Amino acid sequence: MNNIYNESYFNRPGYNYKKVFKAGILADMIQKSCNPLTVLDLGSATALLGKKLIERGITTYNADYSEWCVANAETSIFKYDITTDPPDIQYVEKNSCKYPDVVSCCDCIEHIIEEKLSIVFDLFKKLQWKNLFLLISDSNSEKTHVSLHSRDEWIKIFEANGFVFDKSRTMAAINTYLSSPHRGEEGWDRTVIIIGRQQ
């Protein structure tokens, strides 16, 4: 994983990561649906989202496994692989905070093979958060998208693993996206948005 997500991935011809990711809109979605004071963003890539959250006055901690992303991040970031088995919760909390209002994981889970999803779910369960904000692409446009499910399938998967789908907060996030004049026509139209609570 570390060798794949490097400069050649993020700066490949015909691909504008900043434009596709839409970090500003995503930050608005998190802020308006969850109203957090603190966010732990896992799988941050170059911390574009973290930078936008900080600009909105939200204390944000960013983590990514890619050495290239860590070296080229827009704001402070620490190195962590969310597929570490077992999850190193003490290390994460040492580098972030123990009780983030939101743990976000955006455009990340679809890049993790099905066999390792249980490790990620274990990490989510062990972290102490109020809301879990997930943005998961269901598009097969990238060969690195190895876990592909429909929106309803993802909801069932998370519920089967002890999470509760929060429909009202999810709709608040979706409506924030739909009302944004900057959303454009590309990118997120194929993306699943799920906000969950621990049982």
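This one's a predicted model, so the numbers in the text were calculated from it and none came from an experiment.

**Student:** Just to check I follow, could you spell out the overall build of the chain for this structure?
**Tutor:** On a plain count of helices and strands, the chain comes out with nine helices and seven strands. Computed over C-alpha atoms, the radius of gyration of the chain comes to 15 Å, within 12% of the 16 Å expected from 2.2 N^0.38 for 199 residues, which places it in the range of a compact globule. Principal-axis analysis of the C-alpha atoms places the extent of the chain at approximately 45 × 35 × 35 Å. Contacts spanning at least 24 positions in sequence make up 73% of the contacts within the chain whose residues lie at least 6 apart. Working note: accessible area of the chain is about 9600 Å², and carbon and sulfur atoms make up 48% of it. Seen as two clouds, the 23 positive and the 26 negative side-chain charges of the chain have centres 4 Å apart.

**Student:** How should I be thinking about empty space enclosed by the protein in this particular structure?
**Tutor:** A probe as big as a water molecule, rolled over the atoms, marks out the empty space that is left. Evaluation of the coordinates by the stated rule reveals one cavity of 30 Å³ or more. Its volume calculated, the largest cavity comes out at about 40 Å³. Elements represented by at least two residues in the lining of the largest cavity include exactly helix 8 (151–160), strand 6 (163–165) and strand 7 (191–198). If you tally residues by element for the lining of the largest cavity, the top one is strand 6, at three residues.

**Student:** Sorry if this is basic, but what is going on with the pattern of salt bridges here?
**Tutor:** In a structure, side chains of opposite charge can pair up when their charged atoms sit close to one another. What the rule picks out here adds up to six salt bridges. For the salt bridge of Lys126 with Asp122, the shortest nitrogen-to-oxygen distance reads 3.4 Å. Highlighted residues: Lys126 and Asp122, both in helix 7 (residues 117–126), separated by four residues, approximately one helical turn. Between Arg169 and Asp166 there is a salt bridge whose closest N-O contact spans 3.3 Å.

**Student:** Just checking my understanding: could you explain the confidence of the model for the chain for this structure?
**Tutor:** Detailed reading of the predicted coordinates is not advisable wherever pLDDT falls low. Looking at the chain, the pLDDT average stands at 87 and 92% of residues meet or exceed 70. Element-level pLDDT for the chain is lowest in strand 7, with a mean of 69, against a maximum mean of 97 in strand 1 (residues 38–42).

**Student:** Would you take a moment to explain the nonpolar core for this structure?
**Tutor:** Burial of nonpolar side chains together is a common tendency in soluble globular proteins. Counting 29 residues, the largest nonpolar core has Phe21, Leu26, Met29, Ile30, Leu49 and Phe133 as the members making the most contacts within it. Top element by residues in this core is helix 3 (residues 23–34). It accounts for seven residues. Core analysis: the next-biggest nonpolar cluster, separate from the first, contains 28 residues, Ala63, Phe78, Ile82 and Phe158 among them.

**Student:** Which parts of the structure should I look at to understand unusual backbone geometry?
**Tutor:** The phi angle of most residues is negative, glycine excepted, and most peptide bonds adopt the trans form. Asp85 connects to Pro86 through a cis peptide bond whose omega is 0 degrees. Turning to its location among the elements, Pro86 is positioned in the loop between strand 3 (78–79) and helix 6 (89–95). Of note, the phi angle at Ala47 is positive, near 60 degrees, even though the residue is not glycine. For Ala47, the position within the fold is in the loop between strand 1 and helix 4 (48–55). With relative accessibility at 0%, the residue Ala47 sits in the buried group. A positive phi angle is found at Asp107, which is not glycine, with a value near 50 degrees. On the secondary structure map, Asp107 appears in the loop between strand 4 (102–106) and helix 7.

Reading the values: the criteria
- Residues numbered from 1 in each chain as written.
- Predicted model: local features only at pLDDT ≥ 70, side-chain atom pairs only at ≥ 80, totals over all residues.
- Heavy atoms only, no water.
- Helix = DSSP H or I, 4+ residues; strand = E, 2+ residues; numbered from the N terminus.
- Rg over C-alpha atoms; globule rule 2.2 N^0.38 Å.
- Contact = heavy atoms within 4.5 Å.
- Areas by Shrake-Rupley, 256 points an atom, 1.4 Å probe, with all protein chains shown as cover.
- Lys, Arg positive; Asp, Glu negative; His and termini not counted.
- Charge placed at Lys NZ, Arg CZ, Asp CG, Glu CD.
- 1 Å grid on protein atoms, 1.4 Å probe; cavity = no way out; pocket = protein on both sides within 12 Å on 5 of 7 lines; lining within 4 Å.
- Points joined across faces, edges and corners; volume = space filled by probe spheres on them.
- Salt bridge = Lys/Arg side-chain N within 4 Å of Asp/Glu carboxyl O.
- pLDDT = per-residue confidence, 0-100.
- Core = buried A, V, L, I, M, F, W, Y, C linked by side-chain atoms within 4.5 Å.
- Buried < 20%, exposed > 50% of the residue type's maximum accessible area, 1.4 Å probe, protein only.

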